[in-house]
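# Structure at a glance
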Protein chains: 2
Amino acid sequence: MSAELWLAQLHENGYRLTDARRAVVETVEKSNRALTPVEVYDMARKKYRALGLVTVYRTLEKLEELHLIQRVHQPMGCQAFISAGEGHQHLLLCQNCGQVAFFEGDDLDVLTKSIAKKTGYQISEHWLQLFGLCAKCRAN
Amino acid sequence: MSAELWLAQLHENGYRLTDARRAVVETVEKSNRALTPVEVYDMARKKYRALGLVTVYRTLEKLEELHLIQRVHQPMGCQAFISAGEGHQHLLLCQNCGQVAFFEGDDLDVLTKSIAKKTGYQISEHWLQLFGLCAKCRAN
DNA sequence: TTTGTTATTGAAAACCATTATCAATAAGTA
DNA sequence: TACTTATTGATAATGGTTTTCAATAACAAA
Ligand SMILES: [Mn+2]
Ligand SMILES: [Mn+2]
Ligand SMILES: [Zn+2]
Ligand SMILES: [Zn+2]
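This one's a predicted model, so the numbers in the text were calculated from it and none came from an experiment.

Close to DNA strand D lie 20 residues; Tyr57 of chain A together with Thr18, Arg21, Thr55 and Arg58 of chain B are nearest. In DNA strand D, the atoms that sit within 4 Å of the protein are 68% sugar and phosphate, with bases accounting for the remainder. A distance of 2.7 Å separates a phosphate oxygen of DNA strand D from a polar atom in the side chain of Thr18 of chain B. A distance of 3.4 Å separates a phosphate oxygen of DNA strand D from a polar backbone atom of Leu51 of chain B.

Written as structure tokens, this is what we have:
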């Protein structure tokens with residue numbers, strides 16, 4: 001996914017293309033770690049100086065609505081966003097630098113069926129997230 | 001774990017036993033769903049009318065510090081707390097009534113080793129949470 | 001291209017959950 | 001019983017997020 005595709009998605013959904021949105025989209029789309037609204041603001045303002053923090057919030061809201069980004073929950077806080085993975089994917093986060101890697105192929109069917117039987121719950125969703133150190137941070 | 005044990009833990013750690021803390025502890029300990037500070041406040045005030053919201057925050061802070069409660073992350077928000085499970089356990093949440101069940105026995109070793117190999121990350125922790133409908137809510 | 005409509009914008013104010021301050025109180029101890 | 005000081009609730013402060021609003025600019029239509 002490129003920033004252009006995100007902008008196209010916005011446009012297709014009736015949203016206008018503005019310099020503010022372009023700056024936010026380009027910032028968030030290319031990041032390999034989760035960014036908070038203020039972080040997006042600081043970074044995007046280098047591309048478009050007049051940008052307001054309020055617009056960052058509003059743009060993130062729309063990107064989330066279109067499933068182009070997703071909120072990242074972490075021990076330190078749950079206000080950061082990153083490009084959404086495609087299909088059924090989960091996150092692997094570096095506890096040192098915050099770099100995010102996606103992974104797929106987790107098979108929880110056996111587990112969920114067992115838990116469903118034990119608890120009587122009907123299980124329909126799961127959250128799975130791994131934490132560790134990325135290759136680069138492991139080296140240091 | 002009973003409320004008395006929680007209070008004993010607090011006492012052992014040098015904290016004084018007060019009516020405010022008793023009310024908060026009894027409320028949180030017996031709940032089978034995650035409660036926000038305001039929810040705790042409203043419920044605990046039925047046991048101890050003079051209770052202040054600030055004290056609820058402060059008591060929750062201490063209970064979390066002693067690992068007697070844990071924060072629960074949910075799509076709607078991440079400000080709620082519930083009794084901590086013992087040992088390595090995860091949560092199963094009812095999307096309708098919020099009832100929480102603990103489960104254990106998840107084995108992610110194969111998965112994490114595979115992901116570690118693929119990504120170069122050294123994986124040290126994981127978050128796993130299941131969502132669904134509890135037996136009662138499924139019936140309705 | 002020009003015009004008109006209206007979505008979008010940033011500044012400012014409002015909001016609200018959480019945290020800090022502080023003097024009064026009461027838990028625990030001797 | 002008296003003393004020390006942790007704890008308390010009221011109040012104020014904080015800081016992140018949302019709302020308000022008039023000016024602007026995207027973009028469809030002429
Ligand atoms: Mn999965
Ligand atoms: Mn586990
Ligand atoms: Zn790293
Ligand atoms: Zn339920």
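All right, on to the interface of chain B and chain A then. Taken residue by residue, the interface counts 37 residues in chain B and 37 residues in chain A. Of the roughly 3000 Å² buried where chain B meets chain A, counting both sides, 66% is carbon and sulfur surface. On the surface where chain B and chain A come into contact, there are 16 residue pairs in polar contact (both at pLDDT 80 or more). Put simply, the parts of the chain that give the side of chain B that touches chain A at least two residues each are strand E1 (69-74), strand E3 (90-94), strand E4 (100-103), helix H5 (109-119), strand E5 (122-133) and helix H6 (135-139) of chain B. If one sorts the elements of the side of chain B that touches chain A by residue count, E5 of chain B sits on top with twelve residues.

Below, the discussion takes up the nonpolar core. It is characteristic of soluble globular proteins that their nonpolar side chains tend to be buried jointly. Counting 24 residues, the largest nonpolar core has Leu92, Phe103 and Leu128 of chain A together with Leu92, Phe103 and Leu128 of chain B as the members making the most contacts within it. Once you skip the residues sitting within four places of it in the chain, Leu128 of chain A turns out to touch His90, Leu91, Phe103 and Asp106 of chain A together with Leu108, Leu111, Trp127 and Leu128 of chain B. With 22 residues, the next largest nonpolar core counts Trp6, Ala20, Val28 and Leu60 of chain A among its residues.

Right, let's talk about the domain arrangement of chain A for a bit. All names here are of chain A. By domain assignment, chain A separates into domain 1 (3-83) and domain 2 (90-139). A straight line from the C-alpha centre of domain 1 to that of domain 2 covers 25 Å. With ten residues of domain 1 at the contact, the number on the domain 2 side is ten residues. Across the interface of domain 1 and domain 2, roughly 690 Å² is buried in total on both sides, 63% from carbon and sulfur atoms. Area buried by domain 1 at its contact with domain 2 is led by Asn32, Arg33 and His73, which between them contribute 47% of it. Where domain 1 touches domain 2, the interface holds zero salt bridges. Put simply, the parts of the chain that give the side of domain 1 that touches domain 2 at least two residues each are strand E1 (69-74) and strand E2 (77-83). Considering every element that reaches the side of domain 1 that touches domain 2, the biggest residue donor is E1, with four residues.

We now examine the coordination of the zinc ion (ligand 3). Residues and elements named next belong to chain A. Looking at the zinc ion (ligand 3), the protein donor atoms are Cys94 (SG), Cys97 (SG), Cys134 (SG) and Cys137 (SG), and they sit 2.2 to 2.4 Å from it. Each of the four donor atoms bound to the zinc ion (ligand 3) contributes to angles spanning 100 to 115°, and the resulting shape is tetrahedral. Every donor residue of the zinc ion (ligand 3) comes from the same chain, spaced as C-x2-C-x36-C-x2-C. You can see Cys94 sitting in strand E3 (residues 90-94) and its partner Cys134 sitting in the loop between strand E5 (122-133) and helix H6 (135-139), a full 40 residues away along the chain. Relative accessible area serves as the criterion here: at 2%, Cys94 is assigned to the buried category.

Residues and elements named next belong to chain A. Bound to the manganese ion (ligand 1) are the protein donor atoms His88 (NE2), His90 (NE2), Asp106 (OD) and His126 (NE2), situated 2.0 Å from the metal. Of note, the donors binding the manganese ion (ligand 1) are all from one chain and are spaced H-x1-H-x15-D-x19-H. Of this pair, His90 sits in strand E3 while Asp106 sits in the loop between strand E4 (100-103) and helix H5 (109-119), and the two are 16 residues apart along the sequence. When sorted by exposure, His90 lands in the same class as Asp106, which is buried.

Residue and element names in this part refer to chain A. Strand direction decides the pairing type here: E3 and E4, joined by four bridges, are antiparallel. In the strand pairing of E4, Leu92 is matched with Ala101. Remark: five residues form the turn of the hairpin made by E3 and E4, two consecutive strands paired antiparallel; Gly98 in that turn has positive phi of roughly 85°.

Right, let's talk about the pattern of salt bridges for a bit. All names here are of chain B. Enumeration over the complete set of coordinates arrives at four salt bridges over all chains. The closest approach of N and O atoms between Asp19 and Arg22, which form a salt bridge, is 3.6 Å. Taken together, the residues Asp19 and Arg22, both in helix H2 (residues 19-30) and three residues apart, mark about one turn of the helix. Residue Asp19 is classed as partly exposed on the basis of its relative accessible area of 45%. On the basis of relative accessible area, Arg22 is assigned to the partly exposed category, the value being 31%.

Procedures and definitions
- Residues numbered from 1 in each chain as written.
- Chains lettered and ligands numbered in written order.
- Predicted model: local features only at pLDDT ≥ 70, side-chain atom pairs only at ≥ 80, totals over all residues.
- Heavy atoms only, no water.
- Near = heavy atom within 4 Å.
- Polar contact = N/O pair within 3.5 Å; in protein donor to acceptor, adjacent residues only side chain to side chain.
- Contact = heavy atoms within 4.5 Å.
- Buried area = accessible area lost by both parts, 1.4 Å probe.
- Helix = DSSP H or I, 4+ residues; strand = E, 2+ residues; numbered from the N terminus.
- Core = buried A, V, L, I, M, F, W, Y, C linked by side-chain atoms within 4.5 Å.
- Buried < 20%, exposed > 50% of the residue type's maximum accessible area, 1.4 Å probe, protein only.
- Domains from an automatic or database assignment.
- Salt bridge = Lys/Arg side-chain N within 4 Å of Asp/Glu carboxyl O.
- Donors = N, O, S within 2.8 Å, 3.2 Å for Na, K, Ca; no water.
- Tetrahedral: all angles 85-135°; square planar, octahedral: opposite > 155°, others 65-115°.
- Pairing = 2+ DSSP bridges.

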